Amino acid sequence: MRLLRLSLGVLCFLMALLVPRYAESQETQADVQQLIADIVEDLSLKSELEEDYSQLIDDLLEISQNPININSATADDLKKLFFLSDFQILSLIEYRDSTGSILSIYELQTIPGFDIIDIRRVEAFIKIEQVDKTQLNSMLYGRNELTFRYRTSVETPAGYKNSYSGSSKYLGDKNAYYTRYGYRGGKNLQLGFVAEKDAGEPFFDGTFKTGFDYISGYVLLTKVGAVKKLIVGDYHAEFGQGLTFWNSLSFGKSSSVLSVHKRADGLVKHSSAYESQFMRGAGVTLSMFNSDFTVFASYKNIDASITDTLDNGDLAFSSLPETGYHRNSSEIDGRNALSEFTAGANITYNAKRIKAGLTFAHSRIDGAFAGVQSIYDLRPTPTEKTAVGLSADVSIKQHQFFGEVAADLPNGYFASVAGGLFRLSNTVQVSILGRSYSRNFNPRYTAGFAEGSGTCNENGVYTGISILPTKGWRLSGYIDLFKFPWLKYAVNAPSSGREFMALSEHSINSNFALNVRYRYKQVEKNMSDASTPTVPVINQTNQNVRLQVNFRAAEGVTLKANLESAMFDTDSTSVEYGYLLAQDVNVTLSKLPVTISCRFAIFDTPSWNTRIYSYESDMLYSFSVPAYYSKGTRVFALVKYNPKPWIDIWVRYSQTYFSDMDEIGQGADLISGNTRSEVKAMVRVKF
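To keep things clear, this report deals only with the structure shown in the data block. (Residues numbered from 1 in each chain as written. Predicted model: local features only at pLDDT ≥ 70, side-chain atom pairs only at ≥ 80, totals over all residues. Heavy atoms only, no water.)

1. Looking at the overall build of the protein
- Secondary structure summary: the protein contains seven helices and 34 strands in total.
- In terms of overall size, the protein behaves like a compact globule, its C-alpha atoms giving a radius of gyration of 26 Å where 687 residues would be expected to give roughly 26 Å.
- Within the protein, residue pairs in contact and separated by at least 24 positions form 61% of the contacts whose partners lie at least 6 positions apart.
- Accessible area of the protein: about 31,600 Å², with a carbon and sulfur share of 57%.
- Averaging the positions of the 68 positive and the 73 negative side-chain charges in the protein gives two centres separated by 5 Å. (Helix = DSSP H or I, 4+ residues; strand = E, 2+ residues; numbered from the N terminus. Rg over C-alpha atoms; globule rule 2.2 N^0.38 Å. Contact = heavy atoms within 4.5 Å. Areas by Shrake-Rupley, 256 points an atom, 1.4 Å probe, with all protein chains shown as cover. Lys, Arg positive; Asp, Glu negative; His and termini not counted. Charge placed at Lys NZ, Arg CZ, Asp CG, Glu CD.)

Pasting the structure below:
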């Protein structure tokens, strides 16, 4: 703690010296990639999973290269900027319709709900023209992009060594390779493919027919006559509020407290390296009579842990792994072991103030579940699932209401969600959402707003508020109260919990911003190491405070300092405290096409309970949110070189040092020593 206080004091002293000197320096153009990373970081506030955000990043990059003309954009066009709230989109359109064309980006400050904070975030993705002069090339003469990425660990884990004799020994080397190609022809045609080999997987040795473990591709045609979308290959589908069918990336609670209303986009291309939760087949959306009619179908092989072959020839499985790893004999045996058929349809009626949709979805896995049934699962996991749901969005003056009701057939288990977005004034906005999910509601692909994992066994009420007290300052927060009516993982009784979050974002001037965030969460969990026959359920509390300072120190030099503390407390153990202090430096050289990003971090957390997740700058299509735990330091350096407009080169090195460990990991991932390091390199060519 003494080191922490000293570091914080030095940080504040430096900021105090620098602010007067550079407060009036000219603002440089924001780096689009860093801006996108900041947006995704905010939306992934609570994520503790290795999500693949490349699809989301790809969409924002595409918009930055073809900015939206806000003088001609429709509400659907603006909804692609998912970081804008529904209030802001509605306010912008109403302002434009009442006053005429917008003449300057800074005119957005006069629109209710917008502030300088929003303008700096949105300016890279919009343009202001009286007439949309954008003329993209035809479908046959468009833009191509080809990307190659390499990643490897510096240390060699035990599973790669010849001396390792365990069944989990990796059959491939520790290198990972990623290849991506994308083509956009005009406004109507997109196509692409992704090929990836993870670390430890065999590569061009005959194990996999294509050499790569994973290959994915798609062709997407949009807005051609009555065809709104036509997609062939790998894709996702999202409808309503995620209760009936939604198998693409979805965000829950985040620092964007008004973003509880999901904006379904129907059929969506799959262009990431995430090897699960996508469909392989075709889908089409036809637009007519103020309605969109969508049908889709998929048939693909999925991974499974096979345990037996039944008398009727069906394969029995105990689980359906979704990691995408096929590194050892066991993982390879389960690769593409079962087939899955998925089909569905949606009808959505679109009026000016009302949007209503009906969704039907069916999935079937050609196998029989034979795994161990958990105590909180009272019925076997079915391999054939059907769901139907009704959703609606209604706008009344300055307020918006939304909801969805879905049924899991034929058993009739229900899930429902309803909410509203309310503009109380030009500076105060409120979001409210309630959900009620049956404990047995269990369609194959859902992503409803929830505290727990999955859209089931949960009731809750969420309330968020956003206030603009003055120019450049936003206060926001949420309260979420939830209950689990039945048992769940690690909780042998019905339980409840609550979560609070408060955030202050203050853009002091064009060069200096200060963010402070506090989060409190209390849930009920089984007591660990209980000696009684009946395991008692006890309270578990996590608290987190984060201070972030962003500062443009000079032309081409930006600093970001993070100080974060965590506290963990239960009814049966002493309180644990942890902290993270990280300093980021980003430098864009004026005479060379080089950008350098680096970090030095100090962390001290007693256990995994007080781990701290913190975003790190990474190369394009990569998103790093490592968990800082134990005690030590972490450094990384990222260099981007752009010698020509058509080529970009990235190199990244990172290392974590654990001061109180002699070895890291376990099993095949065991590293002898107290450092874990990684090297990454990527080349992108545009033509």
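2. Brief notes about the pattern of salt bridges
- Within the structure shown, the criterion is met by 31 salt bridges.
- Close ionic contact of D86 with R263 constitutes a salt bridge, the shortest N to O distance being 3.6 Å. With D86 in helix α5 (residues 86-99) and R263 in the loop between β7 (227-238) and β8 (266-269), the pair connects residues that are 177 residues apart, well separated along the chain.
- Several salt bridges share partner residues, and in doing so they unite K253, R435, E451, E458, D480, E499, R519 and K521 into one network. (Salt bridge = Lys/Arg side-chain N within 4 Å of Asp/Glu carboxyl O.)

3. Observations regarding the packing of aromatic side chains
- Under the counting rule described, the total for this entry stands at 23 aromatic pairs.
- Aromatic side chains Y177 and F203 sit 5.0 Å apart centroid to centroid with 20 degrees between the ring planes, which places their arrangement in the stacked category. A residue pair is termed long-range when its members are at least 10 positions apart, and Y177 in strand β4 (residues 176-185) and F203 in the loop between β5 (189-197) and β6 (214-224) qualify at 26 residues.
- Since its relative accessible area comes to 25%, Y177 is described here as partly exposed.
- Classification of F203 as partly exposed rests on a relative accessible area of 28%.
- Measuring from centroid to centroid gives 5.1 Å for F203 and F212, while their planes differ by 75 degrees, and the two rings are edge-to-face.
- Residue class for F212 comes out buried when judged on its relative accessible area of 14%.
- An aromatic cluster of three or more residues is present, and its members are Y150, Y177, F203, F204 and F212.
- Positioned above the aromatic ring of Y325 is the side chain of R327, whose terminal nitrogen or guanidinium carbon lies 4.3 Å from the ring centre.
- We note K488 situated over the ring of F484; from NZ or CZ to the ring centre the distance is 4.6 Å. (Phe/Tyr/Trp six-rings, centres within 6.5 Å; stacked < 30°, edge-to-face > 60°. Buried < 20%, exposed > 50% of the residue type's maximum accessible area, 1.4 Å probe, protein only. Lys NZ or Arg CZ within 6 Å of the ring centre and 35° of its normal.)

4. Observations concerning a nonpolar patch on the surface
- Side chains of L286, M288, F289, F293, I347, L358 and L390 sit close together on the surface and give an oily, nonpolar patch of about 660 Å² of accessible area.
- Assignment of secondary structure puts I347 in strand β13 (residues 338-350). (Patch = residues over 30% accessible without salt bridge, like charges linked within 9 Å, V, L, I, M, F, W, Y side chains within 5 Å.)

5. What about α5?
- An ideal rise of 1.5 Å per residue puts 20 Å on 14 residues; α5 measures up with 20 Å between its terminal C-alpha atoms.
- When α5 is considered as a whole, its buried residues turn out to be D86, F87, Q88, I89, S91, L92, I93, Y95 and R96.
- Along its buried surface, α5 packs onto α4 (75-78), α6 (116-122), β17 (399-409), β18 (413-423), β19 (428-437) and β21 (473-484).
- Backbone geometry just downstream of α5 places G100 in the positive-phi region, at approximately 100 degrees. (Expected span 1.5 Å × (residues − 1).)

6. Quick notes on the side chain of E404
- Structurally, E404 can be placed in strand β17.
- Buried charge without a salt bridge: E404, with K262 as the nearest opposite-charge side chain at an N-O distance of 9.1 Å.
- A polar atom in the side chain of E404 sits 2.7 Å from the side chain of T244. (Polar contact = N/O pair within 3.5 Å; in protein donor to acceptor, adjacent residues only side chain to side chain.)

7. Some details on the sheet that holds strand β12 (residues 315-319)
- Taken in spatial order, the three strands line up as β11-β12-β15 in an open sheet, and their pairing is mixed. Each end of this open sheet is capped by a strand with a single partner; those strands are β11 (305-309) and β15 (368-369).
- Here β12 pairs with β15 via two bridges, running parallel. Residue pairing for β15: F317 is matched across the bridge by F369. (Pairing = 2+ DSSP bridges.)

8. Structural notes on the side chain of N509
- Tracing the sequence through the fold places N509 in strand β22 (residues 495-509).
- Within the structure, the side chain of N509 is placed 2.8 Å from the backbone nitrogen of N511, a separation counted as a polar contact.
- Here the side chain of N509 touches F512 through a polar contact of 3.0 Å, landing on its backbone nitrogen.

9. Brief notes about the nonpolar core
- Among the nonpolar cores identified, the biggest contains 47 residues, and L78, L81, F83, L92, L108 and F125 are the most heavily contacted of them.
- Elements supplying a minimum of two residues to this core: α2 (32-43), α3 (54-65), α5, α6 and β30 (630-644).
- Once you skip the residues sitting within four places of it in the chain, L92 turns out to touch I70, L78, I102, L108, I111 and F114.
- Residues F87, V257, A406 and L503 belong to the second largest nonpolar core, which totals 19 residues. (Core = buried A, V, L, I, M, F, W, Y, C linked by side-chain atoms within 4.5 Å.)

10. Some details on the pairing of β21
- Alignment of strand β20 (residues 458-470) against β21, held across ten bridges, turns out to be antiparallel. Looking across to β21, one finds that T470 is bridged to W473.
- Taken together, β20 and the strand that follows it, β21, pair antiparallel across an intervening segment of two residues, in which G472 is found at a positive phi of about 80 degrees.
- Across twelve bridges, the pairing between β21 and β22 is antiparallel. Residue pairing in the sheet places F482 in a bridge with G497 of β22.

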